[in-house]
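# Chain and residue survey
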Amino acid sequence: MSGRRGTARKRALRRAHGHAAAPASRPAGFAVLTVSDTRRGREDASGSLIEKLAERARHRVLVRAWVADEPRAIRRAAKQALARGGVDVLVVTGGTGVAPRDRTPEALAPLIGRWLPGFGELFRLLSVDQVGTAAWLSRAAAGVAAGRLVVLLPGARAAVELGMKRLLLPELGHVLRMLGRLEPKE
């Protein structure tokens, strides 16, 4: 049985590495929201990494915000970001663990119309190589809110890099087309 699981994992990893979705033909508009009681501005390495990776992939960061680990504040900041014209994707970093103050998924659940469980599943599968069996403690997730993609990533830089490089950026053009944010031929 473990041989079967190993084979399925290898197939999933191969697809994650080898699938080449058509990139977006126009820059996507990003909103980056960092959920933290302590990290702001220059101390926000994960938010800065999201911004850098998005811009390196020729997308635009239209909103960059910081909010404390308080559900109402998280939800309010997310609503403001999603209301901004031109925002196609909201990437939230932080608050996705199991500590008592990690409440990002609960805070944003009322906004999410459709969850995309495959994102979190694949994120945790790929995270095993970084953090071992602690990968199951992550509540990384993705969903659709107000017709826009919402991605919840842990606050660790390595997790942000994995989520952005291996999952979000390779499929961004495809998912934005599916959401009607890009024309089929864009």
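Residues numbered from 1 in each chain as written. Predicted model: local features only at pLDDT ≥ 70, side-chain atom pairs only at ≥ 80, totals over all residues. Heavy atoms only, no water.

### A short note on the packing of aromatic side chains
For the coordinates displayed, the defined rule picks out one aromatic pair. Ring centres 6.5 Å apart and planes at 15° place the aromatic pair Phe119 and Phe123 in the stacked group. Here Phe123 and Phe119 lie together in helix α5 (residues 117-131), a separation of four residues that amounts to about one turn. (Phe/Tyr/Trp six-rings, centres within 6.5 Å; stacked < 30°, edge-to-face > 60°. Helix = DSSP H or I, 4+ residues; strand = E, 2+ residues; numbered from the N terminus.)

### A short note on the nonpolar core
In terms of nonpolar packing, the biggest core is built from 29 residues, with Phe30, Met164, Leu168 and Leu172 touching the most fellow members. Looking at this core, the elements with two or more residues in it are β1 (29-35), α2 (45-56), β3 (89-93), α5, β6 (148-153) and α6 (157-178). Here this core gets ten residues from one element, more than from any other, and that element is α6. Sequence-distant contacts of Leu172, defined by excluding residues within four places in its chain, comprise Ala28, Phe30, His59, Val89 and Leu149. Judged by nonpolar contacts, the second largest core, of 22 residues, contains Ala77, Ala78, Ala107 and Val150. (Core = buried A, V, L, I, M, F, W, Y, C linked by side-chain atoms within 4.5 Å. Buried < 20%, exposed > 50% of the residue type's maximum accessible area, 1.4 Å probe, protein only. Contact = heavy atoms within 4.5 Å.)

### What about the packing of α5 against α6?
For the pair α5 and α6, the least separation of the axes is 10 Å and the interaxial angle reads 125°. Our classification of the angle between α5 and α6 gives oblique. In this structure, α5 meets α6 at a crossing whose hand is right-handed. Note on element contacts: α6 touches α5 through Ala158, Ala159, Leu162, Gly163, Arg166, Leu167 and Leu168, opposite Phe119, Leu122, Phe123, Leu126, Ser127 and Gln130. Of the residues contributing to the contact of α5 with α6, the split by class is nine nonpolar, three polar and one charged. (Axes fitted to C-alpha atoms, helices over the stretch in contact; angles between N-to-C directions. Parallel < 35°, antiparallel > 145°, perpendicular 65-115°, else oblique. Left-handed = near helix turned anticlockwise from the far one by under 90°. Nonpolar A, V, L, I, M, F, W, Y, C, P; charged D, E, K, R; others polar.)

### A closer look at the pattern of salt bridges
As enumerated under the stated definition, the model contains nine salt bridges in all. Residue Arg181 pairs with Asp88 through a salt bridge whose shortest N-O separation is 2.9 Å. With Arg181 in the segment after α6 and Asp88 in the loop between α3 (71-83) and β3, this pair connects stretches of sequence that are 93 residues apart. For Arg181, a relative accessible area of 23% puts it in the partly exposed group. Ionic contacts of the salt-bridge type, sharing partners, join the residues Asp37, Glu70, Arg101 and Arg103 into one network. (Salt bridge = Lys/Arg side-chain N within 4 Å of Asp/Glu carboxyl O.)

### Thoughts on unusual backbone geometry
In the Ramachandran plot, Arg58 falls in the positive-phi region, its phi being about 70° despite a non-glycine side chain. Within the secondary structure layout, Arg58 lies in the loop between α2 and β2 (60-67). Among the residues examined, Arg58 registers a relative accessible area of 70% and is labelled exposed. Residues other than glycine seldom take positive phi values, yet Ala146 does so here, at roughly 55°. With respect to the helices, strands and loops of the structure, Ala146 is situated in the loop between β5 (141-145) and β6. A relative accessible area of 56% places Ala146 in the exposed class.

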